[in-house]
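# Observations on the model geometry
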Amino acid sequence: MYFYAAMKIAIISDIHEDYPGLKKVAKLIESRGCDEVICLGDVVGFSVPFYTYYESRDASACVEWVKENCRYAVAGNHDLYAVRKLPGSDVRGFSFPENWYQLPFDERQKAGNDKIWLYEDNELSALLNLVSQEYLSQLPEYEIVETDKRRCMLTHFISPDITGSAKEFLLDYYGLMQHLIFMKEHRCSIGFSGHMHANGLVKISGSHLDNVGFGKQVPLLPFDWVGTPSVCESKFSGGFLIWDTATNSVEAISLKRRFNMLKKN
């Protein structure tokens, strides 16, 4: 699990079956000369209240692209639901019973106390082929990769909910503290997470979180964590990160802005 020095690594997350959006991101990744691609989960999962690309969504095509192009990928909460796989550990104090997916919806709703995502009330079926189902089933919940300078933690969200299976989202630096401890326990000095559908790059800055946005290359601290934008577009612009290991920096690339520039050129 090693990346060589002086590489540009594209980090994508939260595709949510948006295959046209993923193809645009793929062109931008190629145009920026990235050497590797990492996926931080939620390859699938189409929630009706949030997305409008009904006719163009293609879960299996998105999974196939990730399988063929991403050296490392981790599972997101929607990926787990698509293959009816439970998180590997308790989620913010909630312990999933082994028969969770066999329980009636109202029983799970009551047990989860409106703190756990249930999906059926707003999510369309992912319509996966067997190969895609098998791939999602074997995705790990976290990966650790190394360069010559950094040991890196890859997760869909943050501890104690690294798969994003609870409804609680990261709000501030103090909500991130347990994940930073999780990173230190695994001797990681840098972490990347998705799930938040951030409007660009989110990063630790002192004792708070800074929404850096798109288009600004920023240096990584000796101990650091970075939140990643989504590939799919919802209320924020879609995009991805570029981690430059040579300059020890990251930048969020806007899908809309950069793709328009690429078409003009």
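Residues numbered from 1 in each chain as written. Predicted model: local features only at pLDDT ≥ 70, side-chain atom pairs only at ≥ 80, totals over all residues. Heavy atoms only, no water.

### Points about helix 1 (residues 19-31)
Put simply, the rule reads: What counts as a helix is a DSSP run of H or I of at least four residues, what counts as a strand is a run of E of at least two, and both are numbered from the N terminus. By this rule the span expected of a helix is its residue count minus one, scaled by 1.5 Å. Residue burial is assigned from relative accessible area. The probe radius is 1.4 Å, only protein chains are included, and a residue is buried under 20% of its type maximum, exposed over 50%, and partly exposed in between. Taking the helix axis as origin, the arc is that swept by the directions to the C-beta atoms. We define a polar contact as two N or O atoms separated by no more than 3.5 Å, with the added condition that, inside protein, one atom must be a possible hydrogen donor and the other a possible acceptor, whereas residues neighbouring each other in sequence contribute only through side-chain atom pairs.
The end-to-end C-alpha distance of helix 1, which contains 13 residues, comes to 18 Å, matching closely the 18 Å that a straight helix rising 1.5 Å per residue would cover. Within the sequence span of helix 1, burial applies to Gly 21, Leu 22, Val 25, Leu 28 and Ile 29. Projected down its long axis, helix 1 shows its buried positions confined to an angular sector of 120°, all on one face. Backbone nitrogen of Gly 21 and a side-chain oxygen of the N-cap are separated by 3.1 Å at the start of helix 1; the cap is Asp 18. Positive backbone phi, at 70°, marks Gly 33, one or two positions downstream of helix 1.

### Here's the deal with empty space enclosed by the protein
Filter applied, for reference: Residues are said to line a cavity or pocket when one of their atoms sits within 4 Å of a point; the points come from a 1 Å grid over protein atoms alone, cavities being sets where a 1.4 Å probe fits but cannot get out and pockets being open sets with protein on both sides within 12 Å along at least five of seven lines. Grid points are joined across faces, edges and corners, and a volume is the space filled by probe spheres set on the points. The residue classification treats Ala, Val, Leu, Ile, Met, Phe, Trp, Tyr, Cys and Pro as nonpolar and Asp, Glu, Lys and Arg as charged. All others, Gly included, are polar.
This model, assessed by the stated rule, comprises one cavity of 30 Å³ or more. Surrounding the largest cavity, 13 residues form its lining, Phe 96, Tyr 101, Trp 117, Tyr 119 and Ser 165 being those nearest its centre. Residue contributions to the lining of the largest cavity peak at three residues, all from helix 3 (residues 77-82). Here the lining of the largest cavity is composed, by residue class, of 10 nonpolar, two polar and one charged.

### Points about the layout of surface pockets
Put simply, the largest pocket is a space of about 510 Å³. Those elements that place two or more of their residues in the lining of the largest pocket are helix 3 and helix 4 (105-112). Grouping the constituent residues of the lining of the largest pocket by class yields 10 nonpolar, nine polar and seven charged.

### Description of the packing of aromatic side chains
Applicable threshold: Two rings from Phe, Tyr or Trp (for Trp, the six-membered ring) form a pair when their centres are within 6.5 Å of each other. A pair whose planes differ by under 30 degrees is stacked, one over 60 is edge-to-face, and the rest are tilted.
Per the counting criterion, the structure on display carries 14 aromatic pairs. Here the aromatic rings of Phe 94 and Phe 96 are separated by 5.0 Å at their centres, their planes lie at 90°, and the arrangement is edge-to-face. Pair check on accessibility: Phe 94 and Phe 96 agree, each one buried. Relative to Phe 169, the ring of Phe 157 lies with its centre 6.0 Å away and its plane at 55°, an arrangement referred to as tilted. Taken together, the residues Phe 157 in the loop between strand 7 (151-155) and helix 6 (173-185) and Phe 169 in the loop between strand 7 and helix 6 connect sequence positions 12 residues apart. Assessed through its relative accessible area of 0%, Phe 157 is described here as buried. Judged by its relative accessible area of 31%, Phe 169 falls in the partly exposed class. By way of ring pairs, the aromatic residues Phe 46, Phe 50, Tyr 51, Tyr 53 and Tyr 54 are connected into one cluster.

### Topic: the environment of Trp 243
Quick note on the threshold: In this analysis, two residues are considered to be in contact whenever any of their non-hydrogen atoms come within 4.5 Å of each other.
With respect to the secondary-structure elements, Trp 243 resides in strand 13 (residues 239-244). Residues Trp 243 and Asp 121, 122 residues apart in the sequence, show an inter-C-alpha distance of 37 Å. Apart from the residues lying within four places of it in its own chain, the contact partners of Trp 243 are Met 7, Lys 8, Ile 9, Ile 11, Thr 147, Arg 150, Cys 152, Ile 190, Phe 192, Leu 220, Ser 249 and Val 250.

### Observations concerning the side chain of Ser 13
Take Ser 13: it is sitting in the loop between strand 1 (8-12) and helix 1. A distance of 2.6 Å separates a polar atom in the side chain of Ser 13 from a polar atom in the side chain of Asp 14. Among residues more than four places away in sequence, those in contact with Ser 13 are Leu 40, Gly 41, His 156, Gly 194, His 195, Thr 228, Pro 229, Ser 230 and Val 231.

### Description of a nonpolar patch on the surface
For clarity, the threshold we go by: Residues form patches when they are more than 30% accessible in relative terms and have no salt bridge. Like charges link within 9 Å. Nonpolar side chains (Val, Leu, Ile, Met, Phe, Trp, Tyr) link within 5 Å. Areas reported here follow the Shrake-Rupley algorithm with a probe of radius 1.4 Å; residue values treat only the protein chains shown as occluding. By definition, a salt bridge exists where a carboxyl oxygen of Asp or Glu is found within 4 Å of a side-chain nitrogen of Lys or Arg.
A cluster of nonpolar residues, Val 48, Tyr 54 and Leu 124, forms a patch on the protein surface that exposes about 230 Å² of accessible area. Within the element layout of this structure, Val 48 appears in the loop between strand 3 (46-47) and helix 2 (59-69). The class of Val 48 is partly exposed, set by a relative accessible area of 33%.

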